[in-house]
Structures are given as C-alpha cells and as structure tokens.
Amino acid sequence: MSLTGVKELDSILTSMPSTLTKKVLQRAAKIAAKPMVADMKSRAPKRTGKLRKSIGVKLLKSKQDNLRAVVLVGVRRGRKFKSHHAHLVEFGTKARVAKNPSGVLSFWSKGKLVKIAKTAGSPAKPFIRPSIDANIDQLRDSYTEHVAKVLHRFMKSKIKKFG
C-alpha cells in the first residue's frame, strides 16, 4: 500500500486541535472496523455465545502522539467478557497425556471419582485470521474515506473562517 500526499496530510492533521485529531482518527477506525467485527462474530463458533459477545473494537491510547489511532479488533478480555479461550479455538489444542499423578484431572461425576490422564485435542477452528484477511482492504478504504470526509469539513470551515 502506498499513500500520496502524506506530508500534506500530516501538516493538516498537525494544524488541527489535538483532541479533534485524536477523536477523528479513533472514530474513523472504529467505524471502519464494524464490518470486520460483524464478520468475525459470524465466523466464531457458537456454543454458549460468550465468545461472540466478547468480539469487538477496543480503542487504545497512542503513546507517541495524537496523529495515530490505535484500535484492537478481536476478542476483548475483562470482567464483562468471559471468553478466555479464543486462542484455543483459533489455533486448536493437541492431545495430552499426564506425565505425573499431579497432572491427572480428577472430579466427581454421578457419585464416582473420575480421573482423566489423557485428553483429546481439539482441531483449530480459525475465525479471527480469515476475517482479517477478508476485510482488511475494505477497512483501509472505509478508514481513508471517513478521515477524508472529516478533513474536508474541517478545511471548509477553515476556508470560511479565513476567507
């Protein structure tokens, strides 16, 4: 991907108030990511629904300056989101055998003690990577379009103000 007019765009963004720049870029990134989030949710396996509910967009603060919008698209973690197993679904797991007695999984089931020393693996069911691959071009285009619209409005107001 190559961009033209980067220096001009950088000077326009620098002349904008920093809070406006940050809000514009973050909003553009969040709007552009919506189709990717919807696709990711549709591809995610649904057993309990917790994995699908946890997929979304998270805005992060840029440590460098306000001329960057940092967003994470994917599985969110925290108190509200109870899916800490997305990586296991995406990449799968291999079959495992406990090497020592402490590695044996023991639990009570129907009044009997059940011990499991061997677990079957689960195959990978990728849903994040295919969504990214399918939507990255659309995300770039949508982001660029939204930022261009906002910059156009900003420049119109500047032109009106200064004649």
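Here, the structure is the one placed above.
In this text, all values refer to a predicted model and were calculated from it rather than measured experimentally.

### Some details on the side chain of S54
Residue position: S54 is located in helix α3 (residues 50-54). Within the structure, S54 has its side chain in polar contact with the backbone oxygen of L51 (distance 2.8 Å). For S54, the contacting residues outside a window of four places in its chain are G74, V75, R76, F81 and S83.

### Examining the pattern of salt bridges
This model, assessed by the stated rule, comprises 4 salt bridges. With a shortest N-O distance of 3.0 Å, R43 and D39 are connected by a salt bridge. Remark: D39 and R43 occur in helix α2 (residues 18-43); sequence separation between them is 4 residues, near one turn of the helix. Residue class for R43 comes out partly exposed when judged on its relative accessible area of 37%.

### Quick look at a positive patch on the surface
On the surface, a cluster of positive charge is contributed by K46, K50, K53, R79 and K82. Tracing the backbone through its elements, the reader meets K53 in helix α3. Since its relative accessible area comes to 64%, K53 is described here as exposed.

### So, the side chain of Q26
In this structure, Q26 sits in helix α2. Overall, Q26 belongs to the buried group, its relative accessible area being 16%. Look past the residues within four positions of Q26 in its chain and what remains in contact with it is L59, L60 and A69.

### Regarding the environment of F127
On the secondary structure map, F127 appears in the loop between β6 (118-119) and α5 (128-162). You can call F127 buried: its relative accessible area is 0%. A C-alpha to C-alpha distance of 9.6 Å links F127 and F91, two positions 36 residues apart in sequence. Apart from residues lying up to four places away in sequence, F127 is in contact with M40, R43, A44, P45, L51, I55, V75, A86, V89 and E90.

Parameters and conventions
- Residues numbered from 1 in each chain as written.
- Predicted model: local features only at pLDDT ≥ 70, side-chain atom pairs only at ≥ 80, totals over all residues.
- Heavy atoms only, no water.
- Helix = DSSP H or I, 4+ residues; strand = E, 2+ residues; numbered from the N terminus.
- Polar contact = N/O pair within 3.5 Å; in protein donor to acceptor, adjacent residues only side chain to side chain.
- Contact = heavy atoms within 4.5 Å.
- Salt bridge = Lys/Arg side-chain N within 4 Å of Asp/Glu carboxyl O.
- Buried < 20%, exposed > 50% of the residue type's maximum accessible area, 1.4 Å probe, protein only.
- Patch = residues over 30% accessible without salt bridge, like charges linked within 9 Å, V, L, I, M, F, W, Y side chains within 5 Å.
- Areas by Shrake-Rupley, 256 points an atom, 1.4 Å probe, with all protein chains shown as cover.
- Lys, Arg positive; Asp, Glu negative; His and termini not counted.
- Charge placed at Lys NZ, Arg CZ, Asp CG, Glu CD.

Function-wise, these values are silent; they only describe arrangement.
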